Amino acid sequence: MANDLIQVYLKDQLSKINQRNKFVDGNIVNWTSSKAALIELIYALHAYRAYDNGTVDIKVITKIFEKSFNIDLGDFYHTYLEIKNRKINRTKFLDELRGCLIKKMDDQDEK
């Protein structure tokens, strides 16, 4: 009987995990870039006050991104401090994003 209860519990937990991982139309979206890159993006959006006119706490935004992209960002405050203390190019990921978007637009203009 105990084994049956454990089995039911484990199936329930797996079901919850699978439900969390379904983002849109049953598709799972995983963040495949670095954790630091996502944290840099989250902090940039927070600084820009992109959510609810800047009234949302960074912890809430981080949890939303973690669930949306199926990733555990761990101690994101510490990672932010590491980003902040970079000697060269503090906004490395954001700069790369900007460059990629401009290149894509330029490439499309050439067609």
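(A) Looking closely at helix α4 (residues 76-84). Residues of α4 that are buried include every one of Phe-76, Thr-79 and Ile-83, and no others. The arc that holds every buried residue of α4, seen down its axis, measures 55°, which confines them to one face. Tucked inside the fold, the buried residues of α4 contact α2 (35-47) and α3 (58-68).

(B) Region of the structure containing the nonpolar core. With 16 residues, the main nonpolar core has Trp-31, Leu-38, Ile-39, Ile-42 and Leu-73 as its most contacted residues. Of all the secondary-structure elements, those providing two or more residues to this core are α2, α3 and α4. With 6 residues, the single largest contributor to this core is α2. The contacts of Trp-31, once residues within four sequence positions are left out, are Ala-37, Leu-38, Leu-41, Phe-69, Ile-71 and Phe-93.

(C) Just the side chain of Ser-68, in detail. If you trace the backbone, Ser-68 turns up in helix α3. Taking the relative accessible area as the measure of exposure, Ser-68 reaches 18% and is therefore buried.

(D) Summary view of a nonpolar patch on the surface. Residues Ile-6, Tyr-9 and Leu-10 make up a contiguous nonpolar surface patch of about 320 Å² in total accessible area. By secondary structure assignment, the location of Ile-6 is in helix α1 (residues 2-21). Taking the relative accessible area as the measure of exposure, Ile-6 reaches 48% and is therefore partly exposed.

Procedures and definitions
- Residues numbered from 1 in each chain as written.
- Predicted model: local features only at pLDDT ≥ 70, side-chain atom pairs only at ≥ 80, totals over all residues.
- Heavy atoms only, no water.
- Buried < 20%, exposed > 50% of the residue type's maximum accessible area, 1.4 Å probe, protein only.
- Helix = DSSP H or I, 4+ residues; strand = E, 2+ residues; numbered from the N terminus.
- Arc of directions from axis to C-beta.
- Contact = heavy atoms within 4.5 Å.
- Core = buried A, V, L, I, M, F, W, Y, C linked by side-chain atoms within 4.5 Å.
- Patch = residues over 30% accessible without salt bridge, like charges linked within 9 Å, V, L, I, M, F, W, Y side chains within 5 Å.
- Areas by Shrake-Rupley, 256 points an atom, 1.4 Å probe, with all protein chains shown as cover.
- Salt bridge = Lys/Arg side-chain N within 4 Å of Asp/Glu carboxyl O.

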